[in-house]
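Coordinate analysis (summary)
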Amino acid sequence: MKFLAAYPKEVKVFLIASLINATGSALMWPLVTMYVFDDLGRSMKDAGLVILIQSIGGIAGQLLGGSLYHKVGVNRLIVGALAMNALALFALPAASVNWQLFMVTMGLVGLFNSLSLPAIQAFIGFRFAEQRGELFNVIYVANNIGVALGTALSGFLADISYMLSFVMNGVTSAVFAGFFFVYLRKVGTEPALSQDTVRQQHAPSQQGASAWKLMGHTRIYLYMAIASMFLLIGNSIWNSGVSPFIITEGWPKKIYGFLWTLNGILIFAAQPLISLIKRWFAGTSTAQMTASAVFYLSGYAVILLLPNYPGLVLAMLLTTLGEMLISPAMPSFISDHADRSAPFYLGLSGGIGAIGRVVGPYFMGVLYDNGGLAPTAWLACGVAVLSVGFFMVHAYMNRRGPAAARPLA
């Protein structure tokens, strides 16, 4: 953990808390489908419906969270959303006795979990403005370490009880809410922003701008969000194309898990390679987004051309590099370009992008049922090409830098 030495204590504490929360969240999401099918005795169609409702709740949470940041206040929004998420998770055991109530509760879990996301990203962008680009990346890595730990533990907990995993997720969410309640009160009294950033955040032109007015500044978010949506449609190939392909081929199911183990290892181990990529040809956040889409496209093309396990390993390597480039680049771009409106745009772009996570599995599933892996790979390549195009448009529209892109009331 030598890389943390350059950051102040308050950043290190935040990273540890974020890692613990990511671990708790990862205890639940791999098990929802298994729980609905195995424990509740419902069909796979019903399991997919639950995931759909949870995803729709997540989209609503992203949009609402960005809109409420300045209206409600960062402390009440983050702490309140995390606390409500914990309550929804704790309610799942009781809700499971009624199918309709269970679906509503899962929708609330998606809503409250996503409600805090744009607020937390905006808080990082505002509070640590001078280091936010690298901090978004460090937090992304820390969260993925937590995801790796959580997914590894989830299987052991599921052998004991599915509900134990859900309740443990609720406990970590409640702890994270308590952490933020104390943390925001403390760091809020310590100045950490440059005078220029402070002036930008309190610029009169940003005060009271309506949501419709802010949505009119499409070059900040629209092309980037559409590109992200296409990437998420394409990335559904792993669950709705590669996963059934491995089963159909009669390969051991554990090798699918190995692909995601590789993903987790690369996110941590390939950071030096990502630093070189950024230094050589992707120095700006817009260039990193475009390069990300190219890596995703390359990975999908490998799946199409090399439908064997070594090909899947290479494809996972390429798409993971794409993931590592885009995940910190999008919040960093918005924080740099949108000033006080950043929470709104973080929620809006996240909500638009998440549409891909909702519709992608359906499209991929239909294609796989009718033709196997190849049609899903063609779709993934096609939407990745569109993503590259939209990211290039986004870069062109914002070529004059942050000052030109800032929304004015």
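Residues numbered from 1 in each chain as written. Predicted model: local features only at pLDDT ≥ 70, side-chain atom pairs only at ≥ 80, totals over all residues. Heavy atoms only, no water.

1. Brief notes about the overall build of the protein chain
Counting its regular elements, the protein chain contains 19 helices and zero strands. The long-range share in the protein chain, meaning contacts at least 24 apart out of those at least 6 apart in sequence, stands at 83%. (Helix = DSSP H or I, 4+ residues; strand = E, 2+ residues; numbered from the N terminus. Contact = heavy atoms within 4.5 Å.)

2. Overview of the environment of asparagine 75
Take asparagine 75: it is sitting in helix α4 (residues 74-95). If we skip the residues at most four places from it in the chain, asparagine 75 touches Gly80, Phe180, Phe181, Leu184 and Arg185.

3. Examining the nonpolar core
In terms of nonpolar packing, the biggest core is built from 91 residues, with Phe123, Ile124, Phe180, Tyr183, Trp238, Val242 and Ile303 touching the most fellow members. In this view, isoleucine 303 contacts Ile237, Trp238, Val242, Leu312, Ala315, Leu373 and Ala377; residues no more than four positions away in its chain are not counted. Membership of the second largest hydrophobic core comes to 18 residues, among which are Val36, Met103, Met163 and Phe166. (Core = buried A, V, L, I, M, F, W, Y, C linked by side-chain atoms within 4.5 Å. Buried < 20%, exposed > 50% of the residue type's maximum accessible area, 1.4 Å probe, protein only.)

4. Some thoughts on the side chain of serine 96
By secondary structure assignment, the location of serine 96 is in the loop between α4 and α5 (99-115). Residue serine 96 is classed as buried on the basis of its relative accessible area, which comes to 15%. At a separation of 2.8 Å, a polar atom in the side chain of serine 96 contacts the main-chain carbonyl oxygen of leucine 92. The contacts of serine 96, once residues within four sequence positions are left out, are Tyr35, Leu40, Phe102 and Met163. (Polar contact = N/O pair within 3.5 Å; in protein donor to acceptor, adjacent residues only side chain to side chain.)

5. Brief notes about the side chain of glutamate 323
Considering the arrangement of structural elements, one finds glutamate 323 in helix α16 (residues 309-338). Arginine 357 provides the closest opposite charge to the buried, unpaired glutamate 323, separated from it by 9.0 Å. (Lys, Arg positive; Asp, Glu negative; His and termini not counted. Salt bridge = Lys/Arg side-chain N within 4 Å of Asp/Glu carboxyl O.)

6. Things to note about the packing of aromatic side chains
According to the stated counting rule, one finds 13 aromatic pairs in the structure shown. With centroids separated by 4.8 Å and ring planes inclined at 20 degrees, the aromatic side chains of phenylalanine 179 and tyrosine 183 adopt a geometry described as stacked. Of this pair, phenylalanine 179 and tyrosine 183 are both found in helix α8 (residues 162-187), four residues apart, which corresponds to roughly one turn of the helix. By the burial criterion, phenylalanine 179 is buried, and tyrosine 183 matches it. Taking the centre distance of 5.4 Å and the plane angle of 85 degrees together, the rings of phenylalanine 245 and tryptophan 251 count as edge-to-face. Put simply, the rings of Phe176, Phe179, Phe180 and Tyr183 touch in pairs and so form one group of aromatic residues. The aromatic ring of tyrosine 396 is capped on one face by arginine 399, whose charged end is 4.0 Å from the ring centroid. (Phe/Tyr/Trp six-rings, centres within 6.5 Å; stacked < 30°, edge-to-face > 60°. Lys NZ or Arg CZ within 6 Å of the ring centre and 35° of its normal.)

7. Observations regarding the environment of proline 328
By the secondary structure assignment, proline 328 is in helix α16. On a C-alpha basis, the gap between proline 328 and valine 141 in space is 9.6 Å, while along the polypeptide they are 187 residues apart. Not counting the four nearest positions on each side in its chain, proline 328 is found in contact with Phe136 and Asn137.

8. Details of the packing of helix α6 (residues 117-127) against helix α17 (residues 342-371)
In helix packing, the relevant descriptors are the interaxial angle and the interaxial distance, both defined with respect to the helix axes. One way to put it is that α6 packs onto α17 with a least axis distance of 9 Å and a crossing angle of 140 degrees. One element, α6, and the other, α17, form an angle in the oblique class. In this structure, the crossing between α6 and α17 has a hand that is right-handed. Residues Pro118, Gln121, Ala122 and Phe126 of α6 lie in contact with α17, whose contacting residues are Ala342, Pro343, Leu346 and Gly347. Tallied by class, residues from the contact of α6 with α17 come to six nonpolar, two polar and no charged. (Axes fitted to C-alpha atoms, helices over the stretch in contact; angles between N-to-C directions. Parallel < 35°, antiparallel > 145°, perpendicular 65-115°, else oblique. Left-handed = near helix turned anticlockwise from the far one by under 90°. Nonpolar A, V, L, I, M, F, W, Y, C, P; charged D, E, K, R; others polar.)

9. Here's the deal with helix α14 (residues 271-280)
The set of residues buried in α14 consists of Gln271, Ile274 and Ile277. Down the axis of α14, the buried set is contained in an arc of 115 degrees. They therefore lie on one face. The exposed residues of α14 that point more than 90 degrees off its buried face are Pro272, Arg279 and Trp280. (Arc of directions from axis to C-beta.)

10. Comments concerning a nonpolar patch on the surface
Nonpolar side chains collect at one region of the surface, where Met84, Leu87, Phe90, Ile160, Leu164, Met168, Val171 and Val175 lie side by side and expose about 690 Å² of accessible area between them. Elements supplying a minimum of two residues to the nonpolar patch: α4 and α8. The leading source of residues in the nonpolar patch is α8, at four residues. Its location among the elements puts valine 175 in helix α8. (Patch = residues over 30% accessible without salt bridge, like charges linked within 9 Å, V, L, I, M, F, W, Y side chains within 5 Å. Areas by Shrake-Rupley, 256 points an atom, 1.4 Å probe, with all protein chains shown as cover.)

11. As for the environment of isoleucine 246
Note that isoleucine 246 resides in helix α12 (residues 237-248). Residues isoleucine 246 and tyrosine 309, 63 residues apart in the sequence, show an inter-C-alpha distance of 8.7 Å. Among all residues touching isoleucine 246, those that are not within four sequence positions of it are Trp251, Pro252, Ile255, Tyr256, Leu259 and Leu312.

12. Structural notes on the confidence of the model for the protein chain
Summing up the model confidence of the protein chain, the mean pLDDT is 82 and the portion of residues at 70 or higher is 87%. When pLDDT is averaged over each element of the protein chain, helix α15 (residues 285-305) comes out on top at 96 and helix α9 (residues 195-201) at the bottom at 44. Note on residues 193-207: pLDDT is under 50 here. Beyond four places in sequence and across chains, it has 26 contacts. (pLDDT = per-residue confidence, 0-100.)

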